[in-house]
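Architecture and fold: a report
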Amino acid sequence: MFELPELINLSKQINDTLVGKKITRGELGNSPHKFVWYNLDHADFAKLIRGKTVKPSYVKGRWLFIPVDPGYILVLGEFGGKLTYLPDHEKPEKYHLWIEFENLTSMSLVIQMWGVIELYKKGKELERQHIKNMRPDPLHKDFTEKYFLKIIDSLIAEGKRSVKGLLTQDQILPGIGNSMAQEIMFIARLHPKRELKDLKKSERVRLFETINQTIHNAIQLGGRQDEVDFFNQPGQYKRLMNSRVVGKPCSVCGAPIQKMQYLGGTCVYCPICQKL
Ligand SMILES: [Zn+2]
């Protein structure tokens, strides 16, 4: 699944490649998939997207917005898979979205796991669940240390919440998913189950700084190594914490890395560096 670093990279690459291009054809999936959500039927989508021009895209959390003028916006959200630029005149065999431009280049999206592919009249996308009232993601100008500490205080006031819960649940920190959360918790030396109320001020600040550093580092490196970019190239951010390191010595302390199931996913962690 794409997280903030991969989406920022894809958005930049789309802006370098597609802005100003006129869409000659657009088609929704020919490959049935239970967990791809569309808001239009195939015929309406084809009719509305045709003749539009691509404008600069942008990202909020785990959502990629591609305005197409006049008046519409393509929204790709909470998705994983391959969003690929096709420089030659070719139509892929299987796709969930395929858009062709007037010079016969095209773009395809093949969803893995799940994802949202929607087209809205510009402005209407802001009323959509998960986009409406989205909190600032870690790249937003309002994502400051003060804001972050306030969020932690308000979550503590609401009840029990762990570090992993803060990072991955309820879009509290949009754009961070299970993968980046594991990296952040390891680098910040915080156990996934540590309760927010038990975090010292210095640990809260360290968590804030680690989120920023880790996200920016992954963006610099073009996203995680296990995802591919718009040109089908893997990112260069090598994950410290993934299933392949389970049982192997921690790069910091040498203790065997462990894994557990927690809050809807596997969590890989070091029991010594990340004490409960
Ligand atoms: Zn360790």
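Computed from a prediction, not measured in an experiment: that's the story for all the values here. (Residues numbered from 1 in each chain as written. Predicted model: local features only at pLDDT ≥ 70, side-chain atom pairs only at ≥ 80, totals over all residues. Heavy atoms only, no water.)

Before going further, it helps to spend a moment on the overall build of the chain. Looking only at helices and strands, one finds six helices and twelve strands in the chain. On C-alpha atoms alone, the chain measures out to a radius of gyration of 20 Å, which is about the 19 Å that the 2.2 N^0.38 rule sets for 276 residues. Taken along the three principal axes of its C-alpha coordinates, the chain extends 55 × 40 × 30 Å. Looking at the chain residue by residue over its 276 residues, the buried ones come to 52%. Residue pairs in contact within the chain that sit at least 24 positions apart in sequence constitute 64% of those at least 6 positions apart. When the accessible surface of the chain is totalled, it reaches about 13,200 Å², and 51% of it is carbon and sulfur. Across the chain, the centroid of the 41 positively charged side chains sits 4 Å from that of the 30 negatively charged ones. (Helix = DSSP H or I, 4+ residues; strand = E, 2+ residues; numbered from the N terminus. Rg over C-alpha atoms; globule rule 2.2 N^0.38 Å. Buried < 20%, exposed > 50% of the residue type's maximum accessible area, 1.4 Å probe, protein only. Contact = heavy atoms within 4.5 Å. Areas by Shrake-Rupley, 256 points an atom, 1.4 Å probe, with all protein chains shown as cover. Lys, Arg positive; Asp, Glu negative; His and termini not counted. Charge placed at Lys NZ, Arg CZ, Asp CG, Glu CD.)

Protein ligation of the zinc ion involves Cys250 (SG), Cys253 (SG), Cys270 (SG) and Cys273 (SG), the donor distances falling in the range 2.2 to 2.4 Å. Along the chain, the residues donating to the zinc ion are arranged with the sequence spacing C-x2-C-x16-C-x2-C. Classification of cysteine 273 by relative accessible area gives buried; the value is 15%. (Donors = N, O, S within 2.8 Å, 3.2 Å for Na, K, Ca; no water.)

This paragraph deals with helix H5 (residues 178-187). Of all the ten residues making up H5, eight are buried; the element is thus mostly covered by neighbouring parts of the structure. In the stretch just after H5, arginine 189 is the one whose phi turns positive, near 55 degrees.

On the surface, Phe35, Trp37, Met113 and Trp114 cluster together into a nonpolar patch covering about 430 Å² of accessible area. By the element assignment, methionine 113 lies in the loop between strand S9 (106-112) and strand S10 (115-121). In this structure methionine 113 comes out as partly exposed when scored by relative accessible area, which is 49%. (Patch = residues over 30% accessible without salt bridge, like charges linked within 9 Å, V, L, I, M, F, W, Y side chains within 5 Å. Salt bridge = Lys/Arg side-chain N within 4 Å of Asp/Glu carboxyl O.)

So, on to the sheet that holds S9. Sheet architecture is open: four strands sit in the order S1-S8-S9-S7, paired in antiparallel fashion. In the strand order of this sheet, the two ends are held by strand S1 (23-28) and strand S7 (80-86), each with one partner. The mean angle between the axes of side-by-side strands here comes to 10 degrees, regardless of whether they run parallel or antiparallel. Of the strand pairs in this sheet, S7 and S9 are connected by seven bridges, and their pairing is antiparallel. The residue bridging leucine 86 from the neighbouring strand is serine 106, located in S9. Where helix H2 (residues 42-49) meets the sheet, its contacts fall on S1 and strand S8 (97-101), and the angle it forms with S1 comes to roughly 160 degrees. (Pairing = 2+ DSSP bridges. Axes fitted to C-alpha atoms, helices over the stretch in contact; angles between N-to-C directions.)

Now for the environment of methionine 113. Residues methionine 113 and phenylalanine 79, 34 residues apart in the sequence, show an inter-C-alpha distance of 7.5 Å. When neighbours within four sequence positions are excluded, methionine 113 is seen to be in contact with Met1, His33 and Phe35.

The next thing to look at is helix H1 (residues 4-17). A turn of α-helix holds 3.6 residues, and therefore any two residues three or four places apart point the same way. The terminal C-alpha atoms of H1, which comprises 14 residues, lie 20 Å apart, in line with the 20 Å expected from a rise of 1.5 Å per residue. Burial analysis of H1 places eleven of its 14 residues in the buried class, which makes it a mostly covered element. Listed in full, the buried residues belonging to H1 are Leu4, Pro5, Glu6, Leu7, Ile8, Asn9, Leu10, Ser11, Gln13, Ile14 and Thr17. Among the structural elements, strand S4 (58-60), strand S5 (63-69), S7, H5 and helix H6 (201-220) are those in contact with the buried residues of H1. (Expected span 1.5 Å × (residues − 1).)

Here the domain parsing of the chain yields domain 1 (4-127) and domain 2 (145-269). Summarising the inter-unit geometry, the C-alpha centres of domain 1 and domain 2 are found 29 Å apart. Counting from both sides, the interface comprises 21 residues of domain 1 and, opposite them, 18 residues of domain 2. Per-residue buried area on domain 1 facing domain 2 is highest for Pro5, Glu6 and Gln13; these three make up 34% of the total on that side. Taken together, domain 1 and domain 2 are joined by one salt bridge. In this structure, glutamate 6 and arginine 224 form a salt bridge, with 2.9 Å as the shortest nitrogen-oxygen distance. Applying the counting rule to domain 1 against domain 2 returns six residue pairs in polar contact (both at pLDDT 80 or more). Every element with two or more residues in the side of domain 1 that touches domain 2 is listed here: H1 and S7. The greatest single-element share of the side of domain 1 that touches domain 2, amounting to ten residues, is contributed by H1. Partitioned by chemical class, the residues of the side of domain 1 that touches domain 2 number ten nonpolar, six polar and five charged. (Domains from an automatic or database assignment. Buried area = accessible area lost by both parts, 1.4 Å probe. Polar contact = N/O pair within 3.5 Å; in protein donor to acceptor, adjacent residues only side chain to side chain. Nonpolar A, V, L, I, M, F, W, Y, C, P; charged D, E, K, R; others polar.)

Glancing now at the packing of H5 against H6. Where H5 meets H6, the axes come as close as 9 Å, and the angle between the chain directions of the two elements is 130 degrees. Relative to H6, the element H5 lies oblique. Where H5 crosses over H6, the handedness of that crossing is right-handed. In contact with Met180, Glu183, Ile184 and Ile187 of H5, H6 contributes Leu207, Thr210, Ile211, Thr214, Ile215 and Ala218. Here the residues of the contact of H5 with H6 are counted per class, giving seven nonpolar, two polar and one charged. (Parallel < 35°, antiparallel > 145°, perpendicular 65-115°, else oblique. Left-handed = near helix turned anticlockwise from the far one by under 90°.)

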